[in-house]
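Structural characterization, general
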Amino acid sequence: MISRILANTPAWVWGLLLALLLLGVSQARARRPTPPRLLILPLLMCLLSLAGTWSSFGPAPAVTLAWAVAAAVVGGLASRLPAPRGSGFDSATDRFLLPGSWLPMALILAIFVLRYALGVMLAIDPDLARERPFALAVASLYGALAGAFMARAGRVWRLRGRSGQAAAAMPAWAPLSGLIGVALGTLAAVSRAVTRIDYQGLPALSRHTARDGTALAYRAYPARDARRVAVLIHGSSGDSHAMHAVGLALARAGIAAYALDMRGHGASGRRGDIDYVGQLDDDLADFVAGRRAAHPGAQLSLVGHSSGGGFALRIAGGPLGALFDRYLLLAPMLHQQAPTTRPQAGDWVRVFVPRMIGLSLLDALGLPWFQQLPVLAFALPAEAAARTTPTYSYRLQRNFRPREDYLADVRAISRPTRVLVGGADELFIAERYAPLLEAQQPLLRVTLLPGVSHIGLVVDPPALAALVAAL
């Protein structure tokens, strides 16, 4: 029987095996991959295992869920292990240092053997594909192997943020947010800049009630002339404190300002989580309805910094775009793969890779399960973690940013929009904003402020003057 099975195996299967063996051998040699190359093989193996599941049992929700849950569980447990001995990261060349290992070969062969054996079993007894327990067990095994592969890559990626220092516990993946303060790499300058914020005259927190009954916090900066009103959105992990200097500058210029504690931050709701993707949009709509009633006929502007700027772009280019008369984006976080994002910006955020993959798959299937689990951890100094938001859940990180196709958001803008970015920004490449965005949207104009840093954009007097002028 074995000889008949081998004789009837299509030639392409042996070609695939040869290619996989060569891949495995390449992993057994010491190498220096770039960050994107580090992820190629794990992602390929995830796709291969998922394809094996679907080719045998179809893309049934229960089967896909079993695969995703197994990948998330095994990946989560395996990611707690230390990085392979002898591995490291060279920040000067932005490359990982990896010793040779036969473990990838073992995982590759396990996925191949599982798929081959399954194909033989289903050829002998096709009814097995309709046996639910069998299908779920095989899908879980496929998922477990994929999770082990991704966890190994995540443990190595975690070294990228260390650069010889202590790093956060979650593995790193990509920069996804703006910031309030960090303690690693080039972002130490940003952390120091936060200490320059003068909180003298900080207004007391006020509350408004959102549609779900939750009391959300904000700070009001009244002005003599209430015909112009600005709503201010802070960056990731922060709260309304971060926009204090902006609120004061606008009020002095006659523009009433309201700095929000976005839900999941500061004194608004439970930190690090929201109830559903889109809740931040609903909260903003509720707040604006109240401001419209308090300031009838006023011109409303939305001002967002860093991740708050990315969220402002989400609003400007979405169904709520008409809420405001104009938009001002301050060094907005567009996307982790946007050409404006510096590679080393990832030093400040860690992504729990296996969990993110599993939850993304569930989300793609329309199953909003386990989205309260944290998927991002920010590299905050210990003294800052208590007053900021150290982690984001899956649904919060999905909502507090532009949509995945951020350029579609740009093209959908229907109100005048200004972008201000500092020439000395530590997180983003200022010179790339104008050619990227202005080509997409004639209503959008980018202004570069020479010598201004990321936090300096909401602190330095020249930047504040430019901000006021933009409104």
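The structure under discussion appears in the preceding block.
Read on for a plain summary of the structure. (Residues numbered from 1 in each chain as written. Predicted model: local features only at pLDDT ≥ 70, side-chain atom pairs only at ≥ 80, totals over all residues. Heavy atoms only, no water.)

**Topic: the overall build of the protein chain**
For the protein chain, the count of helices and strands is 16 helices and 13 strands. When contacts within the protein chain are restricted to residue pairs at least 6 apart in sequence, those whose partners lie at least 24 apart make up 77%. For the protein chain, the exposed area adds up to about 19100 Å²; of that, 62% sits on carbon and sulfur atoms. (Helix = DSSP H or I, 4+ residues; strand = E, 2+ residues; numbered from the N terminus. Contact = heavy atoms within 4.5 Å. Areas by Shrake-Rupley, 256 points an atom, 1.4 Å probe, with all protein chains shown as cover.)

**Focus: the sheet that holds strand β11 (residues 391-393)**
Reading across the sheet, the three strands line up as β9-β10-β11 and stay open at both edges, with antiparallel pairing between neighbours. Edge positions in the open sheet fall to β9 (349-351) and β11, since each of these has one partner strand only. Each neighbouring strand pair of the sheet contributes to a mean axis angle of 20°, computed without reference to strand direction. Sheet topology places β9 next to strand β10 (residues 374-378); three bridges connect them, and they run antiparallel. (Pairing = 2+ DSSP bridges. Axes fitted to C-alpha atoms, helices over the stretch in contact; angles between N-to-C directions.)

**A few points about the packing of aromatic side chains**
Applying the stated rule across the entire model yields 11 aromatic pairs. A centroid spacing of 6.4 Å and a plane angle of 85° characterise the contact between Phe428 and Tyr433, whose relative ring orientation is edge-to-face. In this structure, Arg291 packs its charged tip against the face of Tyr218, placed 5.4 Å from the ring centre. It is Arg291 that lies over the ring of Phe287; its NZ or CZ is 4.5 Å from the centre. (Phe/Tyr/Trp six-rings, centres within 6.5 Å; stacked < 30°, edge-to-face > 60°. Lys NZ or Arg CZ within 6 Å of the ring centre and 35° of its normal.)

**Regarding helix α11 (residues 353-364)**
Quick reminder: α-helices carry 3.6 residues per turn. Residues three or four places apart thus point the same way. An ideal rise of 1.5 Å per residue puts 16 Å on 12 residues; α11 measures up with 16 Å between its terminal C-alpha atoms. Buried within α11 we find Val353, Pro354, Met356, Gly358, Leu359 and Leu362. Taken from the residues just after α11, Gly366 is the one with a positive phi, measuring 80°. (Expected span 1.5 Å × (residues − 1). Buried < 20%, exposed > 50% of the residue type's maximum accessible area, 1.4 Å probe, protein only.)

**Things to note about the sheet that holds strand β7 (residues 299-305)**
One open sheet holds the eight strands; their spatial order is β3-β4-β6-β5-β7-β8-β12-β13, and the pairing between them is mixed. The two strands at the open ends of the sheet, each matched to only one other strand, are β3 (206-209) and β13 (444-449). Ignoring strand direction, the axes of neighbouring strands in this sheet form an average angle of 25°. Here six bridges tie strand β12 (residues 417-422) to β13, and the two strands are oriented parallel to one another.

**A look at empty space enclosed by the protein**
With the rule as written, the count across this model stands at three cavities of 30 Å³ or more. Estimates place the volume of the largest cavity at around 80 Å³. Lining the largest cavity are His208, Leu216, Ala217, Leu260, Asp261, Met262, Arg263, Leu280, Asp283, Leu284 and Phe287. Counting residues per element, the ones that place at least two in the lining of the largest cavity are β4 (215-221) and α9 (279-294). With four residues, the single largest contributor to the lining of the largest cavity is α9. Counted by class, the lining of the largest cavity contains seven nonpolar, one polar and three charged residues. (1 Å grid on protein atoms, 1.4 Å probe; cavity = no way out; pocket = protein on both sides within 12 Å on 5 of 7 lines; lining within 4 Å. Points joined across faces, edges and corners; volume = space filled by probe spheres on them. Nonpolar A, V, L, I, M, F, W, Y, C, P; charged D, E, K, R; others polar.)

**So, the environment of Leu323**
Locating Leu323 in the fold gives a position in the loop between α10 (307-316) and β8 (326-330). The exposure class of Leu323 is buried, given its relative accessible area of 19%. Placed 22 residues apart in sequence, Leu323 and Ser301 show a C-alpha to C-alpha distance of 8.9 Å. When near neighbours in sequence (up to four residues on either side) are disregarded, Leu323 contacts Ala285, Val288, Arg292 and Leu300.

**As for the layout of surface pockets**
Approximately 470 Å³ is the volume attributed to the second largest pocket. Lining the second largest pocket we find 22 residues, and of these Pro10, Arg115, Tyr116, Gly119 and Val120 sit closest to its centre. Elements that contribute at least two residues to the lining of the second largest pocket include exactly α1 (2-7), α2 (11-27), α3 (35-57) and α5 (103-124). At nine residues, α5 tops the list of elements feeding residues into the lining of the second largest pocket.

**Some words on the nonpolar core**
Counting residues in hydrophobic clusters, the biggest one holds 116 residues, and the most contacted among them are Leu232, Leu250, Leu284, Leu302, Phe324 and Leu437. Considering every element that reaches this core, the biggest residue donor is helix α6 (residues 132-162), with eight residues. Those residues in contact with Phe324 that lie beyond four places of it in its chain are Val231, Leu284, Val288, Arg292, Leu300, Ser301, Leu302, Ile315 and Arg415. Formed by 10 residues, the second largest nonpolar core is a distinct cluster that contains Ala83, Leu98, Val156 and Trp157. (Core = buried A, V, L, I, M, F, W, Y, C linked by side-chain atoms within 4.5 Å.)

**Things to note about the packing of α3 against α5**
With their axes 11 Å apart at the nearest point, α3 and α5 run at an angle of 10° to one another. With respect to α5, the element α3 is oriented roughly parallel. Residues Leu41, Met45, Leu48, Ser49, Ala51, Gly52, Ser55, Ser56 and Phe57 of α3 form the contact with α5, whose participating residues are Ile108, Ile111, Arg115, Leu118 and Leu122. Partitioned by chemical class, the residues of the contact of α3 with α5 number nine nonpolar, four polar and one charged. (Parallel < 35°, antiparallel > 145°, perpendicular 65-115°, else oblique.)

**Focus: unusual backbone geometry**
In this model, Ser237 sits at a positive phi of 70°, which is unusual for a non-glycine residue. Relative to the helices and strands, Ser237 is located in the loop between β5 (228-233) and α8 (244-252). According to the relative accessible area criterion, Ser237 is buried, its value standing at 0%.

**Quick word on the pattern of salt bridges**
Scanning the model with the defined rule gives 12 salt bridges in all. The partner of Arg211 in a salt bridge is Asp286, with the nearest N and O atoms 2.8 Å apart. One end of the pair, Arg211, is in the loop between β3 and β4; the other, Asp286, is in helix α9, with 75 residues separating them in the sequence. Residue Arg270 is joined to Asp273 by a salt bridge in which the shortest nitrogen-to-oxygen separation is 3.1 Å. (Salt bridge = Lys/Arg side-chain N within 4 Å of Asp/Glu carboxyl O.)

**Notes on the pairing of β10**
Within β10, four of the five residues are buried, which leaves the element mostly enclosed by the surrounding structure. As paired strands, β10 and β11 are joined by three bridges and run antiparallel to one another. Across the sheet, Ala377 pairs through a bridge with Thr391, a residue of β11.

**Description of helix α4 (residues 61-78)**
Between its terminal C-alpha atoms α4 stretches 25 Å, which fits the 26 Å expected from 18 residues at 1.5 Å a residue. Considered for burial, the residues of α4 that qualify are Val63, Thr64, Leu65, Ala66, Trp67, Ala68, Ala70, Ala71, Gly75, Gly76 and Ala78.

Nothing here speaks to function; it is all geometry.
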